[in-house]
Amino acid sequence: FSMPYGAAVALVDGRADLAQYRAERLAEPALLDLMDRVECVADPALDAHYPARWPAWAEVETRDGRRLRAEVPDPKGDPGNPLDDRERREKFDALCAEVYSAGRRAAIWAAVEMLGEDASLKELLDLLPTDLAS
């Protein structure tokens, strides 16, 4: 992935999910302008934690010259900063929307949640063939 693109699309769209990574987005003037302003730097203090942890920071310089900085010790989705139930479901839906209808996604999600309880793996596997035309 391109860090300048990822930062730009996250700023423009408020997220950087699979849907944001489309070739046609590379021609959008707002994204191109922001990408030109992103500077990636190596930080040995962060690298010292790798591979056990993946800390990160981002800094933004505003038009009036202020510098705003945010740091995370663990990226979202890592064991130290897990997705909550709503975030897991949103990610699942975002990743599967082009392959499964909303109804099929709901059934798959329910089957996964029931694994180890009343549902069998076969019931889940039976739901996995796509129900959308390619």
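Note: the structure precedes this text.
**Student:** Give a description of the pairing of strand β2 (residues 67–72) that names residues and reports values.
**Tutor:** Both strand β1 (residues 56–61) and β2 contribute to a ladder of six bridges, which runs antiparallel. Each bridged residue has a counterpart across the sheet, and for A56 the counterpart in β2 is V72. In this antiparallel pair of consecutive strands, β1 and β2, the connection spans five residues, and G65 shows a positive phi of 90°.

**Student:** Could you give an account of helix α1 (residues 3–13), naming the residues involved and the relevant values?
**Tutor:** Buried within α1 are the following residues: Y5, G6, A7, A8 and V9. Considering only its buried residues, α1 is in contact with α2 (29–37). Capping the start of α1 is the job of one residue whose side-chain oxygen sits 3.1 Å from the backbone nitrogen of Y5: S2. Among the residues trailing α1, G14 stands out with phi positive, at a value near 80°.

Conventions adopted
Residues numbered from 1 in each chain as written. Predicted model: local features only at pLDDT ≥ 70, side-chain atom pairs only at ≥ 80, totals over all residues. Heavy atoms only, no water. Pairing = 2+ DSSP bridges. Helix = DSSP H or I, 4+ residues; strand = E, 2+ residues; numbered from the N terminus. Buried < 20%, exposed > 50% of the residue type's maximum accessible area, 1.4 Å probe, protein only. Contact = heavy atoms within 4.5 Å. Polar contact = N/O pair within 3.5 Å; in protein donor to acceptor, adjacent residues only side chain to side chain.

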